[in-house]
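Residues per chain, in single letters:
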Amino acid sequence: MELELTEEQRIVQKLARDFATAEILPIAAALDREHRFPTEIVRKLGELGLMSMLVPEADGGAGMDAVSCVLALEEIARACAGTAVIASVNNSLVCDPIARFGTAEQRARFLPRVMHGREIGCYCLSEPSAGSDAAAIETSAGLDGDAWILNGTKLWVTNGVEASICVVYARTEPVAGSRGISAFVVEKDRPGVSVGRVERKLGINASSTAEILFEECRVPAENLLGGRGEGFKIALATLDGGRIGIAAQALGIARACLEDSVAYAKERRQFGKPIADFQAIQWKLADMSTRLEAARALTWRAAWLRSQGRRCTQEAAMAKLAASETAMWAATQCVQIFGGYGYTNDYPAERHFRDAKITEIYEGTSEIQRLVIARNLLS
Ligand code: CAA
């Protein structure tokens with residue numbers, strides 16, 4: 001058993017840490033306050049190869065393994081959770097399925113657009129009546145000559161406002177459930193695609209979350225991703241990787257909580273000494289650190305399995321469940337350690353608290369992760 005990172009993985013980790021500390025952390029509070037998409041940061045992430053981490057070099061990507069990807073996403077999330085989800089979605093839910101399931105022609109046509117930080121992609125699965133029950137999607141795609149005509153409404157689309165490439169799931173066969181679904185790559189500037197309501201959220205405010213509408217949208221037959229009717233499996237296999245990305249985002253938030261709490265506990269004095277001298281505070285810090293390490297071990301293992309090309313549905317679900325619940329718990333402790341100051345936006349604790357919550361919800365709620373794990377145990 002080998003528990004050390006490779007030299008290459010350490011280099012990626014340091015590259016992401018240095019960039020995130022120097023360029024993202026100083027503006028994270030402003031991005032959150034102003035609900036501002038970090039255009040320039042995303043462009044630089046692209047230049048560093050951090051928007052194409054999972055795309056093989058042969059297709060022009062950075063050709064990193066999934067462990068390197070989680071290392072980088074943790075560093076970005078430690079600075080700004082909103083920026084981390086922008087990168088996670090682009091890497092795991094857009095570039096990765098196009099690289100895995102796309103034809104050579106599709107890879108050459110779409111990947112260069114979303115790998116370099118100048119444009120980004122989004123993942124359109126959820127709908128008003130299909131959230132946790134993803135197989136209930138109603139968006140339809142009907143064949144008309146050499147094109148598919150898409151109609152439907154997608155919800156909760158991260159990067160929905162800025163994206164130029166959408167990976168879209170639609171029902172192509174008149175059967176209910178998971179079997180009649182196909183995946184498409186749709187350019188967002190096609191006639192019939194529009195951005196609907198843009199959500200006002202509790203946190204991750206640097207990223208947009210939007211409704212995307214498809215109205216008689218004509219998509220060439222060659223934009224079908226993978227086989228006809230294979231879309232649901234593509235969606236879920238893609239989410240295995242996406243959930244590892246969100247686990248990494250949650251690790252970054254939990255680490256921010258821990259590091260900010262340690263610094264504050266050493267500086268804040270009460271009863272004539274730093275509050276770090278009190279055992280009540282020390283135990284919180286010890287528990288935060290222990291839970292963070294446990295969640296990180298699960299996340300690295302899931303990523304390592306994925307790098308090996310092995311199925312990691314159960315491990316990805318465990319990693320996301322453990323890391324997101326750790327982030328939420330650590331954020332609660334962090335606000336408590338900061339006391340009254342933690343409840344104000346003069347300090348980052350309340351931002352961590354707001355950002356942490358979504359990791360228990362998107363890309364499969366904690367309840368869905370438990371369902372996936374339990375089904376595996378019982379099957
Ligand atoms: N990889 C590949 N295939 C898979 C798979 C996986 N991880 N999981 C299931 N499948 C296959 C199954 O083997 C099955 O195949 P067969 O029909 O050949 O047997 C088929 O897919 C259907 O599987 P299930 O019967 O398990 O499907 P289900 O309808 O019971 O649903 C579920 C399973 C786990 C509940 C699933 O619907 C799910 O994960 N729901 C949560 C959805 C989700 O995470 N949504 C997040 C959207 S993205 C987002 O958050 C927005 C964003 O931009 C960040």
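All residue numbers refer to positions counted from 1 along the written sequence of the respective chain. Under the rules for a predicted model, residues below a pLDDT of 70 receive no local features and side-chain atom pairs below 80 are neither given nor counted, while totals for whole chains, interfaces and linings still include all residues. Only hydrogens and water are removed before side-chain values are computed, so all heavy atoms of the structure are retained for them.

### Notes on the pattern of salt bridges
(1) Moving on: In what follows, salt bridge is the name for a side-chain nitrogen of Lys or Arg lying within 4 Å of a carboxyl oxygen of Asp or Glu. Scanning the model with the defined rule gives 29 salt bridges in all.
(2) Moving on: D96 is paired through a salt bridge with R306; the nearest N and O atoms lie 3.0 Å apart. Linking D96 in helix α4 (residues 81-101) with R306 in helix α7 (residues 279-307), this pair joins segments that are 210 residues apart in sequence. Across the pair, R306 and D96 agree in class, each one buried.
(3) Moving on: Between R190 and E187 there is a salt bridge, and its shortest N-O distance comes to 2.7 Å.
(4) Moving on: Note on classification: 1.4 Å probe, protein chains only; a residue is buried when its accessible area is under 20% of the maximum for its type, exposed when over 50%, partly exposed between these limits. Under the relative-accessibility criterion, E187 is labelled buried at 9%. Put simply, DSSP marks the helices as runs of H or I at least four residues long and the strands as runs of E at least two long, and each gets a number from the N terminus on.

### Concerning the site of the ligand
(1) Moving on: For this purpose, a residue is taken to be near a molecule or strand whenever a single non-hydrogen atom of the residue falls within 4 Å of it. By nearness alone, 26 residues border the ligand, and S132, R179, K233, R243 and E363 come closest of all.
(2) Moving on: One of the side-chain N or O atoms of D240 is found 3.0 Å from a nitrogen atom in the ligand.
(3) Moving on: R375 has a polar side-chain atom sitting 2.9 Å from an oxygen atom of the ligand.
(4) Moving on: Per-residue and other accessible areas were derived by the Shrake-Rupley procedure at a 1.4 Å probe size, with only the shown protein chains allowed to occlude residues. Here the ligand, which alone exposes 1,100 Å², has 77% of that area covered by the protein.
(5) Moving on: Broken down by secondary-structure element, the contributors of at least two residues to the shell around the ligand are β3 (147-158), α6 (231-267) and α10 (366-378). Polar contacts, as counted here, are pairs of nitrogen or oxygen atoms within 3.5 Å of one another; within protein the pair requires one atom able to donate a hydrogen and one able to accept it, and residues that are adjacent in sequence qualify only if both atoms are side-chain atoms.

### Points about the domain arrangement of the chain
(1) Moving on: For each domain, the first and last residues come from an automatic or database assignment. Domain parsing of the chain yields domain 1 (7-114), domain 2 (121-231) and domain 3 (237-378).
(2) Moving on: Centre-to-centre separation of domain 1 and domain 2, based on C-alpha positions: 22 Å.
(3) Moving on: Throughout, a residue-residue contact means that at least one pair of heavy atoms, one from each residue, lies within 4.5 Å. Residue-level contacts link 26 residues of domain 1 with 21 residues of domain 2.
(4) Moving on: Carbon and sulfur atoms supply 63% of the area that domain 1 and domain 2 bury against each other, a total of about 2,000 Å² over both sides.
(5) Moving on: Each of two parts loses accessible area, computed with a 1.4 Å probe, when they are put together; buried area is these two losses added. On the domain 1 side of the contact with domain 2, H35, F110 and R113 bury the most area, a combined 25% of that side's loss.
(6) Moving on: Inspection of the domain 1/domain 2 interface yields one salt bridge.
(7) Moving on: In this structure, E187 and R109 form a salt bridge, with 3.5 Å as the shortest nitrogen-oxygen distance.
(8) Moving on: Taken together, the links from domain 1 to domain 2 amount to six residue pairs in polar contact (both at pLDDT 80 or more).
(9) Moving on: When residues of the side of domain 1 that touches domain 2 are assigned to their parent elements, the largest contribution, twelve residues, is made by α4.
(10) Moving on: Looking at the side of domain 1 that touches domain 2 residue by residue, the class counts come to 15 nonpolar, six polar and five charged. Ten residues, namely Ala, Val, Leu, Ile, Met, Phe, Trp, Tyr, Cys and Pro, are considered nonpolar, four, namely Asp, Glu, Lys and Arg, are considered charged, and the remaining ones, Gly among them, are considered polar.

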